[in-house]
Amino acid sequence: MSAVATALLATSGLAAEYTLKFSHVVSPNTPKGKAAEFFEKRLEELSGGRIDVQIYPSSQLYNDSAVLKALTLNSVQMAAPSFSKFGKIVPQLALFDLPFLFNDMDHLHRVQDGEVGKKLKGLVTAKGYVALSFWDNGFKQLSSSKKALINPSDAEGQKFRIMSSKVLEAQFHAVGANPQMMPFSEVYSGLQQGVIDAAENPISNIWTKKFHEVQKYLTISNHGYLGYLVVMSKKFWESLPKDLQKNVAQAMNEATEKERIWAKELNDEQFGLIKDYAKSTGKLEIFELTPEQRASWKKAVSKIYPEFYDNNLIGKDLIEGALNTK
């Protein structure tokens, strides 16, 4: 009875020495949301209840734009913003925007888990955060209502929605397309009304925002990557003794493995639903690039890489490091 009572006390938060608030912007049933909950359970176990982890999903505390400031104030202790939110702080994270830099998801993870990932996390940590891990959203795919995007020349003259990014501007200029910056909230109506012809999105965005219903063609290109960087308040991290820092690192490594699995499962499931829609309605054609077509796209857009060799943009060492990661 005594042992049970002690265990309950240890995991209830009553005996916690530290409180870790983890703020994120998505719902609990997403890969990020589920990984956050796994992290909560695992860290509380590993720390014997000394750390009480509290998850705040769906922007209950902060949106991604405000959370980085909140971390510096230690108002919240952990967050997982998308890479784009670090643009002004660590522009080198635009590495992941570079088109056709990664051969596949395994190559991408080797880059993130290797020297290049270590350097990127170091750049973030130098700005007053503690960068813990990269979490997946997924690779981006090309869609259009004007013309199927199979060869680079197919993009010529098409108006592509992009988020604010010098890399994405250069990417579409390289194939003769017209990049148009547009808020994400306006993309569906923009595609529907023909203000823009085309877009690039991960499968999760295409399915949940119903972009497949206002596009005629979808190309599985896997040309760029969207992800999240899990960061911690530096003040909170430094307040933890070494043994609890090790617990945080272990729980985060395990949560990262889970998140990657869940992200792939969701991507596969939602792509299946898009294929079902295409088959049942006949309103969407889906193409998957062959190795030869992919090589043609890579040749056309990789010429932009040297534009970002400057260390204040991305850096030649990071770009070549990613390309050379085995």
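None of the values given here were measured: they were computed from a predicted structure.

Asker: Explain the packing of helix α5 (residues 115–125) against helix α12 (residues 316–324) to me, and be specific about the residues and the numbers.
Answerer: Orientation of α5 relative to α12, taken along the N-to-C sense of each, is 150°, at an axis distance of 9 Å. With respect to their mutual orientation, α5 and α12 come out roughly antiparallel. Touching Val116, Lys119 and Leu120 of α5 are Asp317, Leu318, Gly321 and Ala322, all from α12. Each residue belonging to the contact of α5 with α12 can be placed in one class, and the counts come to four nonpolar, one polar and two charged.

Asker: Summarise helix α6 (residues 166–173); cite the residues concerned and give the values.
Answerer: Taken together, the buried positions of α6 are Val167, Leu168, Ala170, Gln171 and Phe172. In this structure, the buried residues of α6 make contact with β4 (129–144), β5 (159–162), β6 (178–181), β7 (198–202) and α11 (291–301). Sitting at the head of α6, Ser165 places a side-chain oxygen 3.3 Å from the backbone nitrogen of Val167.

Asker: Can you break down the pattern of salt bridges residue by residue, with the values?
Answerer: If you walk through the whole model with that rule in mind, you get nine salt bridges. The residue Arg50 makes a salt bridge to Glu17 at a minimum N-O spacing of 2.9 Å. Within this pair, whereas Arg50 is found in the loop between α2 (31–46) and β2 (51–56), its partner Glu17 is found in the loop between α1 (2–12) and β1 (18–23), the two being separated by 33 residues in sequence. Residue class for Arg50 comes out partly exposed when judged on its relative accessible area of 24%. With a shortest N-O distance of 2.8 Å, Asp243 and Arg50 are connected by a salt bridge. Linking Asp243 in helix α10 (residues 242–281) with Arg50 in the loop between α2 and β2, this pair joins segments that are 193 residues apart in sequence. Taken together, the shared-partner salt bridges in this structure form one network comprising Glu17, Arg50 and Asp243.

Asker: Any details on the nonpolar core? Residues and values, ideally.
Answerer: Leu93 and Leu98 are the most contacted members of the largest nonpolar core, which has 53 residues in total. Aside from chain neighbours lying at most four places away, what touches Leu98 is Val167, His223, Ile304, Tyr305, Phe308, Ile314 and Ile319. Judged by nonpolar contacts, the second largest core, of 26 residues, contains Leu43, Ile55, Val130 and Leu244.

Asker: Can you explain empty space enclosed by the protein? Please cite residues and give values.
Answerer: Here the structure, examined in full by the defined rule, presents one cavity of 30 Å³ or more. Space inside the largest cavity adds up to approximately 50 Å³. If you trace the largest cavity, you find it lined by Pro99, Phe100, Leu142, Gln171, Phe172, Val175, His223, Trp297 and Val301. Sorting the residues of the lining of the largest cavity by element identifies α6 and α11 as the ones contributing at least two each.

Asker: How would you summarise the packing of aromatic side chains if you had to cite specific residues and measurements?
Answerer: Summed over the entire model, instances satisfying the criterion amount to 13 aromatic pairs. Ring geometry for Phe160 and Phe172: centres 4.2 Å apart, planes at 20°, overall stacked. Note that Phe160 is positioned in strand β5 and Phe172 in helix α6, a separation of twelve residues in sequence. For the pair Phe160 and Phe172, a shared accessibility class is recorded, and that class is buried. Taken together, the aromatic side chains of Phe83, Phe96, Phe102, Phe134, Phe139 and Tyr225 make up a single cluster linked through ring pairs.

Asker: I'd like a description of the pairing of β4, backed by residues and values.
Answerer: The element β4 is largely enclosed, with a buried count of 16 among its 16 residues. Where β4 and strand β9 (residues 225–233) come together, nine bridges link them in antiparallel fashion. Bridge pairing in β9 places Val130 opposite Met232. Judged from the three bridges that link them, β4 and strand β8 (residues 217–220) form a sheet pairing that is antiparallel. Of the residues in β8, the one forming a bridge with Ser143 is Leu218.

Asker: A description of the packing of α2 against α10 should follow, citing residues and the corresponding values.
Answerer: Axes are the key here: two packed helices are described by the angle between their axes and the distance separating the axes. Relative to each other, α2 and α10 sit at 155°, their axes nearing to 8 Å. The angle between α2 and α10 falls in the class roughly antiparallel. The two elements α2 and α10 meet at a crossing, and its hand is right-handed. When α2 is examined against α10, the residues Pro31, Lys32, Lys34, Ala35, Phe38, Phe39, Arg42, Leu43 and Leu46 are found in contact with a partner set consisting of Asn247, Val248, Gln250, Ala251, Met252, Glu254, Ala255, Lys258, Glu259, Trp262, Ala263 and Leu266. The class makeup of the residues in the contact of α2 with α10 is 13 nonpolar, two polar and six charged.

Thresholds applied
- Residues numbered from 1 in each chain as written.
- Predicted model: local features only at pLDDT ≥ 70, side-chain atom pairs only at ≥ 80, totals over all residues.
- Heavy atoms only, no water.
- Axes fitted to C-alpha atoms, helices over the stretch in contact; angles between N-to-C directions.
- Helix = DSSP H or I, 4+ residues; strand = E, 2+ residues; numbered from the N terminus.
- Parallel < 35°, antiparallel > 145°, perpendicular 65-115°, else oblique.
- Contact = heavy atoms within 4.5 Å.
- Nonpolar A, V, L, I, M, F, W, Y, C, P; charged D, E, K, R; others polar.
- Buried < 20%, exposed > 50% of the residue type's maximum accessible area, 1.4 Å probe, protein only.
- Polar contact = N/O pair within 3.5 Å; in protein donor to acceptor, adjacent residues only side chain to side chain.
- Salt bridge = Lys/Arg side-chain N within 4 Å of Asp/Glu carboxyl O.
- Core = buried A, V, L, I, M, F, W, Y, C linked by side-chain atoms within 4.5 Å.
- 1 Å grid on protein atoms, 1.4 Å probe; cavity = no way out; pocket = protein on both sides within 12 Å on 5 of 7 lines; lining within 4 Å.
- Points joined across faces, edges and corners; volume = space filled by probe spheres on them.
- Phe/Tyr/Trp six-rings, centres within 6.5 Å; stacked < 30°, edge-to-face > 60°.
- Pairing = 2+ DSSP bridges.
- Left-handed = near helix turned anticlockwise from the far one by under 90°.

Nothing here speaks to function; it is geometry throughout.
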